[in-house]
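Notes for the structure review
Below, each chain spelled out in residue letters.
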Amino acid sequence: MPVLVDFYATWCGPCKTMAPILEQVAAQHGGKLRVIKIDVDRNSAVAQQYRVQSIPTLILFHQGQPVWRQAGVVPAAQISQALQPFVGKS
């Protein structure tokens, strides 16, 4: 199952903007996608491992490998388009 990781921080305004967008994307794709959030302040080693330099940053993992990434606020339609090859039609 593909995993969409949201690297965020609690103090980040744009990260708060992404929360309902990610909820919408997760709902659209039902059980075909897992969305997890990683707080960069609490998990700085993971953020450094994936070279997250700005937040919010989304990274899509498929079969354990990062296959797509985007920094900044991303519209739901753009995220869904990037997910299509990995989750199929919902």
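The rules behind the values
Just so you know, the residues in each chain are numbered from 1, in the order the chain's sequence is written. In keeping with the model being predicted, local features are shown solely for residues with a pLDDT of at least 70 and side-chain atom pairs are shown and tallied solely at 80 or more, while totals for entire chains, interfaces and linings include all residues. Think of the side-chain values as coming from all heavy atoms in the structure, minus any hydrogens and water. UniProt positions are given in the numbering used here, feature names are shortened, and annotations may be inferred rather than shown by experiment. Starting at the N terminus, helices and strands are each numbered in turn, a helix being any DSSP run of H or I of at least four residues and a strand any DSSP run of E of at least two. Identification of polar contacts relies on pairs of N or O atoms within 3.5 Å, with a donor-acceptor requirement for protein atoms, meaning one able to donate a hydrogen and the other able to accept it, and with residues adjacent in sequence counted only if both atoms are side-chain atoms. Throughout, a residue-residue contact means that at least one pair of heavy atoms, one from each residue, lies within 4.5 Å. Between N-to-C directions, angles cover 0 to 180 degrees, with each direction set by a line fitted to C-alpha atoms, over the stretch in contact for helices. Should an angle lie under 35 degrees it is considered roughly parallel, over 145 roughly antiparallel, and from 65 to 115 roughly perpendicular; all remaining angles are considered oblique. Handedness of a crossing is defined here by the sense of rotation of the near helix relative to the far one, left-handed for an anticlockwise turn of less than a right angle and right-handed for a clockwise turn. Following the grouping adopted for this structure description, the nonpolar residues are Ala, Val, Leu, Ile, Met, Phe, Trp, Tyr, Cys and Pro, the charged ones are Asp, Glu, Lys and Arg, and the polar ones are all others, Gly among them. Three exposure classes are used, based on accessible area relative to the maximum for each residue type with a 1.4 Å probe and protein chains only: buried under 20%, partly exposed in between, and exposed over 50%.

Under an unreviewed UniProt entry, the name given to the protein chain is Thioredoxin, and the organism recorded is Hymenobacter sedentarius. Under Sequence similarities (unreviewed entry), UniProt gives the following word-for-word description of the protein chain: "Belongs to the thioredoxin family."

Moving on to unusual backbone geometry. With an omega of 0°, the peptide bond between Ile-55 and Pro-56 qualifies as cis. Locating Pro-56 in the fold gives a position in the loop between helix H2 (44–49) and strand E3 (57–62). At Gln-63, a position not held by glycine, the phi torsion is positive, near 55°. Within the secondary structure, Gln-63 sits in the loop between E3 and strand E4 (65–71).

A separate point is the side chain of Asp-39. Along the chain, the position of Asp-39 falls in strand E2 (residues 34–39). Looking at Asp-39, its side chain comes within polar contact range of the main-chain nitrogen of Asp-41, at 2.9 Å. When neighbours within four sequence positions are excluded, Asp-39 is seen to be in contact with Tyr-8, Ala-9 and Thr-10.

To continue, consider the packing of helix H1 (residues 13–28) against helix H3 (residues 76–87). Two elements in contact, H1 and H3, have axes whose closest approach is 9 Å; the angle formed by their N-to-C orientations is 40°. Here H1 lies oblique to H3, going by the angle between them. The interaxial crossing formed by H1 with H3 has right-handed handedness. Note on element contacts: H3 touches H1 through Ala-76, Ile-79, Ser-80 and Leu-83, opposite Met-18, Ile-21, Leu-22, Gln-24, Val-25 and Gln-28. For the contact of H1 with H3, the class distribution of residues is seven nonpolar, three polar and no charged.

Turning our attention to the UniProt feature "active site" (unreviewed entry) in the protein chain. If you check UniProt for "active site" (unreviewed entry), the listed places come out as Cys-12 and Cys-15 in our numbering. If you trace the backbone, Cys-12 turns up in the loop between strand E1 (3–8) and H1. Judged by relative accessible area, Cys-12 falls into the buried class, the value being 4%. With near-sequence residues (within four places) excluded, Cys-12 lies in contact with Ile-55 and Pro-56. Note on placement: Cys-15 falls in helix H1. Apart from the residues lying within four places of it in its own chain, the contact partners of Cys-15 are Tyr-8, Ala-9, Ile-55 and Pro-56.

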